[in-house]
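# Commentary on secondary and tertiary structure
Spelled out from the first residue to the last, the chains are:
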Amino acid sequence: FRLWMPRQHGAWAMLALPLLLGIAATRPTGWHLVLAGAAVAGYLASTTAQTWARARARERYTASLLVYAGTAAVLALALVVTHPVLLLALLVLVPAGAITLVAAKLGPARGVAVGFAQVAQALVLVPAAASLAGPLDSPPVAKATFLAAVYLVGTVLAVRSVIREQGNAGFAAISVGFHVAATGAGAFLLPPPFVALLGVLAIRAALLPIVQARRRGTANPLRPIHVGMMEMVLATCVVGLAFVAPI
């Protein structure tokens, strides 16, 4: 099972959220299912390629890599033949993908730079999904992309502040500072309900390190699963608000 399915559970939200925000900014179409399939297959191919680059017994991952890469290629070909504008996504996907593969070969791909590269790849799904519904309505799509970027980048920072950078006050300050700045920018770009949601995300970024510090060494420490469950709720709130309130 591990040869076919990665353990990075948060990656599914990273794929679903921008795709759904792109749909919310326009309208749903059957092509979104093809895009979703291509995104999932592409992610699985990328993750398997990273594991293959680090593995000693690389032949164990050959089958899954070929299946995922082949599926992604077929679905992507169908998309670009019918919607050539999607070729512009390569301007982001190629360099971002190169960063993740190089990092994987050098060691475990867990750095902040790799996280941001993965976010960049995921953000392509917002305009890509919107373009499948017809001519781009630039303001809503730009706002949806901004919202997706704030949430995904903020998640990378906030989650890392209590897992791999726990106890690092400087990193926690960067996380909180990003969220505060994003909320300020959102006040000029987004409707009030979304600005309030960005404020909630900023509060979450500030409270996570505090809660972790207070619970450290107790019978109920803050565990990654707790952080993950909270992020699932927040991601659902972001997407739900985008569908019920015009962005």
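Preceding this paragraph is the structure being described.
As a starting point, this report considers the structure included with it.

## Some points on the environment of Gln-118
Inspection of the secondary structure puts Gln-118 in helix α5 (residues 112–123). The partly exposed category is assigned to Gln-118, whose relative accessible area is 21%. For Gln-118 and Ala-96, which are 22 residues apart along the polypeptide, the C-alpha to C-alpha distance reads 6.9 Å.

## Points about the environment of Ser-131
Along the chain, the position of Ser-131 falls in helix α6 (residues 125–131). Considering only alpha carbons, one finds Ser-131 and Leu-86, 45 residues apart in sequence, at a separation of 7.9 Å. Ignoring any residue separated from it by four or fewer positions in sequence, one finds Ser-131 in contact with His-83, Val-85, Leu-86 and Leu-136.

## Here's the deal with the side chain of Ser-175
Tracing the backbone through its elements, the reader meets Ser-175 in helix α8 (residues 169–189). With a relative accessible area of 0%, Ser-175 lands in the buried category.

## Focus on helix α10 (residues 224–244)
Between its first and last C-alpha, α10 extends 30 Å over 21 residues, near the 30 Å set by a 1.5 Å rise per residue. By the burial criterion, the buried members of α10 are Val-227, Glu-231, Leu-234, Ala-235, Val-238, Val-239, Leu-241 and Ala-242. The buried side chains of α10 occupy one side of the element, clustering within an arc of 160° when seen end-on. Those residues of α10 that are exposed and aimed more than 90 degrees away from the buried face are Ile-225, Met-232, Val-233, Thr-236 and Val-244.

## Here's the deal with a nonpolar patch on the surface
A surface patch of nonpolar side chains, about 380 Å² in accessible area, is lined by Val-85, Leu-88, Leu-91 and Val-92. With relative accessibility at 32%, the residue Val-92 sits in the partly exposed group.

## Here we look at the environment of Gly-217
Structurally, Gly-217 can be placed in the loop between α9 (192–215) and α10. Classification of Gly-217 by relative accessible area gives exposed; the value is 78%. Separated by 14 residues in sequence, Gly-217 and Glu-231 have C-alpha atoms that sit 23 Å apart.

## Observations regarding helix α3 (residues 62–82)
Across its 21 residues, α3 extends 30 Å between first and last C-alpha, which sits within 8% of the 30 Å expected from 1.5 Å per residue. All of the buried residues along α3 are Ser-64, Tyr-68, Ala-72 and Leu-79. Buried residues of α3, viewed axially, fall in a sector of 45°; they line one side. Pointing more than 90 degrees away from the buried face of α3 are the exposed residues Leu-66, Val-74, Leu-77 and Val-81.

## Things to note about the side chain of Gln-212
Inspection of the secondary structure assignment puts Gln-212 in helix α9. A residue is classified by how much of its surface remains accessible, and Gln-212, at 6% relative accessible area, is buried. Contacts of Gln-212, omitting those with residues within four sequence positions, involve Ser-161, Val-162, Ile-163, Gln-166, Gly-167 and Leu-222.

## Brief notes about the packing of α9 against α10
Their axes nearest at 10 Å, the elements α9 and α10 cross at an angle of 170°. When the interaxial angle is binned, α9 and α10 end up roughly antiparallel. Listed contacts from α10 to Pro-193, Phe-194, Leu-197, Val-200, Leu-201, Arg-204 and Leu-208 of α9 are Val-227, Met-230, Glu-231, Leu-234, Cys-237, Val-238, Leu-241 and Ala-242.

## Description of the packing of helix α7 (residues 138–162) against α8
Their axes nearest at 9 Å, the elements α7 and α8 cross at an angle of 165°. In terms of orientation, α7 and α8 fall into the roughly antiparallel class. Judged by the twist between their axes, the crossing of α7 over α8 is left-handed. Counting all contacts with α7, which are made through Lys-143, Phe-146, Val-150, Val-153, Gly-154, Leu-157, Ala-158, Arg-160 and Ser-161, the residues of α8 involved are Phe-171, Ala-172, Ser-175, Phe-178, His-179, Ala-182, Ala-185, Gly-186 and Leu-189. Looking at the contact of α7 with α8 residue by residue, the class counts come to eleven nonpolar, five polar and two charged.

Rules used throughout
- Residues numbered from 1 in each chain as written.
- Predicted model: local features only at pLDDT ≥ 70, side-chain atom pairs only at ≥ 80, totals over all residues.
- Heavy atoms only, no water.
- Helix = DSSP H or I, 4+ residues; strand = E, 2+ residues; numbered from the N terminus.
- Buried < 20%, exposed > 50% of the residue type's maximum accessible area, 1.4 Å probe, protein only.
- Contact = heavy atoms within 4.5 Å.
- Expected span 1.5 Å × (residues − 1).
- Arc of directions from axis to C-beta.
- Patch = residues over 30% accessible without salt bridge, like charges linked within 9 Å, V, L, I, M, F, W, Y side chains within 5 Å.
- Areas by Shrake-Rupley, 256 points an atom, 1.4 Å probe, with all protein chains shown as cover.
- Salt bridge = Lys/Arg side-chain N within 4 Å of Asp/Glu carboxyl O.
- Axes fitted to C-alpha atoms, helices over the stretch in contact; angles between N-to-C directions.
- Parallel < 35°, antiparallel > 145°, perpendicular 65-115°, else oblique.
- Left-handed = near helix turned anticlockwise from the far one by under 90°.
- Nonpolar A, V, L, I, M, F, W, Y, C, P; charged D, E, K, R; others polar.

Geometric values such as these leave the question of function open.
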